[in-house]
Amino acid sequence: MPIIEQLQKKQPYYWENPHRLRWEEAEKQLSIQPTLIDDAEARLQRFAPYFMAIEPTMKEANGLIESPIQQATLLQKRYVHENEQLWLKRDDILPIAGSIKARGGIHEVLTIAEQLATSNGLIEPTKDYAQFTEPAFHALFSKYTIVVGSTGNLGLSIGIMSAKLGFRVVVHMSHDAKQWKKDLLREKGVTVVEHTGDYSKAVEQGRKEAEADSFAFFIDDENSQALFSGYAVAARRLKKQLEEANIHISIENPLAVYLPCGVGGGPGGVAYGLKTIFGDAVHCYFVEPVESPCMLLGMATEQHHDISVQDIGLSNQTAADGLAVGRASKFVGQLMMPILHGIVTVTDNQLYRMVYELKETEGLQIEPSAAAGLVAIGLIQAPAAYHVAWLTGGGMVPQSEWQKFYENGENVDVQTQKEK
Ligand SMILES: Cc1ncc(COP(=O)(O)O)c(C=O)c1O
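Residues numbered from 1 in each chain as written. Predicted model: local features only at pLDDT ≥ 70, side-chain atom pairs only at ≥ 80, totals over all residues. Heavy atoms only, no water.

### Concerning the overall build of the chain
Short version of the rule: Secondary structure follows DSSP: runs of H or I at least 4 residues long count as helices, runs of E at least 2 residues long count as strands, and numbering of each begins at the N terminus. As a reference, a globule follows 2.2 Å times the number of residues to the power 0.38, and the radius of gyration itself is taken over C-alpha atoms. Per-residue accessibility, obtained with a 1.4 Å probe over protein chains only, is compared with the maximum for each type, and a residue is labelled buried under 20%, exposed over 50%, and partly exposed between these values. By definition, residues are in contact when any of their heavy atoms lie within 4.5 Å. Computed with a 1.4 Å probe, the accessible areas rest on the Shrake-Rupley method; for each residue, only the protein chains presented here act as cover.
Secondary structure summary: the chain contains 17 helices and 11 strands in total. Relative to the compact-globule value of 22 Å for 420 residues, the chain shows a C-alpha radius of gyration of 20 Å, a close match. In terms of principal-axis extent, the alpha carbons of the chain reach across some 60 × 50 × 45 Å. Within the span of the chain, comprising 420 residues, buried residues form 62% of the whole. Sequence separation of 24 or more characterises 73% of the internal contacts of the chain that already satisfy a separation of 6 or more. Only carbon and sulfur atoms are counted for the fraction: they give 46% of the accessible area of the chain, which is about 16,400 Å².

### Considering the site of the ligand
The criterion, for reference: When we say a residue is near a molecule or strand, we mean one of its heavy atoms is within 4 Å of it. Contacts described as polar in this section are N or O atom pairs within 3.5 Å, which, within protein, must combine one atom able to donate a hydrogen with one able to accept it, while residues neighboring in sequence count only if both atoms come from side chains. When residues are grouped by polarity, Ala, Val, Leu, Ile, Met, Phe, Trp, Tyr, Cys and Pro land in nonpolar, Asp, Glu, Lys and Arg in charged, and all others, Gly among them, in polar. What marks off one domain from the next here is an automatic or database domain assignment.
Inspection of the region around the ligand gives 17 residues, with Lys101, Asn153, Gly262, Gly264 and Thr392 positioned closest. Asn153 has a polar side-chain atom sitting 2.7 Å from an oxygen atom of the ligand. Surface burial for the ligand is 98%, taken as the share of its 390 Å² of free accessible area covered by protein chains. With three residues, the single largest contributor to the shell around the ligand is helix H12 (residues 265-278). Looking at the shell around the ligand residue by residue, the class counts come to five nonpolar, 10 polar and two charged. Both domain 1 (2-34 + 65-98 + 234-410) and domain 2 (101-219) contribute no fewer than three residues apiece to the shell around the ligand.

### Focus: the domain arrangement of the chain
Applicable threshold: A 1.4 Å probe defines the accessible area here, and the buried area is the portion of it lost by two parts on being joined, summed over both. Salt bridges are counted wherever a side-chain nitrogen of Lys or Arg sits within 4 Å of a carboxyl oxygen of Asp or Glu.
Domain annotation for the chain reports domain 1 (2-34 + 65-98 + 234-410) and domain 2 (101-219). Taken over C-alpha atoms, the centre of domain 1 sits 26 Å from the centre of domain 2. When the buried area of domain 1 at its contact with domain 2 is split by residue, Ile96, Asp321 and Met396 rank highest and sum to 28% of it. Among the salt bridges present, the one from Lys181 reaches Glu367, with a minimum N-O distance of 3.9 Å. At the boundary of domain 1 with domain 2, the tally comes to six residue pairs in polar contact (both at pLDDT 80 or more).

### As for the UniProt feature "modified residue: N6-(pyridoxal phosphate)lysine" (unreviewed entry) in the chain
The criterion, for reference: UniProt positions are given in the numbering used here, feature names are shortened, and annotations may be inferred rather than shown by experiment.
According to UniProt, the "modified residue: N6-(pyridoxal phosphate)lysine" (unreviewed entry) feature falls on Lys101. Not counting residues within four places of it along the chain, the set of residues in contact with Lys101 comprises Ile106, Asn153, Leu154, Ser157, Asp221, Tyr231 and Gly266.

### Re helix H9 (residues 179-187)
Here H9 has its buried residues at Trp180, Lys181, Lys182, Leu184 and Leu185. Backbone geometry just after H9 places Gly189 at a positive phi near 90°.

### Here we look at the nonpolar core
In a soluble, globular protein the nonpolar side chains are often hidden away together inside. The following threshold applies: In this text, buried Ala, Val, Leu, Ile, Met, Phe, Trp, Tyr and Cys residues form a nonpolar core when linked through side-chain atoms within 4.5 Å.
Within the largest apolar cluster, 151 residues are counted, with the highest numbers of intra-cluster contacts made by Phe51, Phe132, Phe141, Leu165, Phe167, Met336 and Leu374. Counting residues per element, this core draws most heavily on helix H11 (residues 225-244), which supplies nine residues. Residues from two domains meet in this core; each of domain 1 (2-34 + 65-98 + 234-410) and domain 2 (101-219) gives at least three.

Spelled out as structure tokens, the structure:
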């Protein structure tokens, strides 16, 4: 199949999704309803007093886990056409966990906590959720274990949030998860299980372990609607932020959004949320590393999670550890079939270079995974009035680790995209 041969070249590539439909048609085919987003939005609102109680810096945002947008005035001159604007969505500085994973991961932990507290008569939806800080809640949650498999950032968000509420937490980490992430979780009292295999193996092991324990909840990165809906809420918040910046999206002035993709839940949730708001006026692109294009492979072959990047001889080894996923979510892949504009693949050197460039231009420090959207903008030059690159992580990366990314980027030759 030509698409597989193309991916085997490990070169930057743009796959335009031939299955895409007009939103009016696409909407009818989807297996989920926007009420899913309503529920998540309301839950996050109920927990706002809790967040203001545990994290004083969140008072400014009224207890919402949200990040700002900012215009990239210097990068805009380089990467988009004249009269177009380039904006950055700063999920790299999201509160609690410093990555897009704080949206879905925390929402799912809150869903579990709320269910348990409600069924044990500790809380009702109309009560003040700041009560979740009280010892009775901790005592209840301490009987339960939350289990998750992760390449790193999901583990961080779930580990930090669950431990704060009083749960026991076990995070199964893939071999590519960074040491500092494991260390940080252990410091917070989280049990970290290290695997020699990749992300899919870590998830499989976590699932098995949780199934054997009736006091355990498994957070399923591949199939969870609670994760997905937590990400989707971001779209409604973005709409408000764009309006505040006097940006009005329409078919004539469309919005293009570039989302780094691992297993697909994060970018899928955001893309779905955006479609329910802007319909055909938003164009969503996923971006994956050339060694881990699992969503592209799954969608293009229509085999979804029945095919992995290893099956076609790719290594699934990448500097973008958050995107090092060999087998995509079937739930998300199928949902994206009529929605997504396309998928772009990028090299590690392009990611490193963009980490460097973003520091030099806008002064921001992000991790390589989070640079994928910006790289894609330069590669495909899609026309749109407004471009939003989702900066998905980096806020928790230790300075010494970030410095290595920066230096790698400094050493990349811009013309050849190879090391100097
Ligand atoms: C920084 C960063 N960006 C993007 C993603 C992709 O999210 P998903 O795996 O839900 O597709 C991840 C996943 O861990 C991540 O850590």
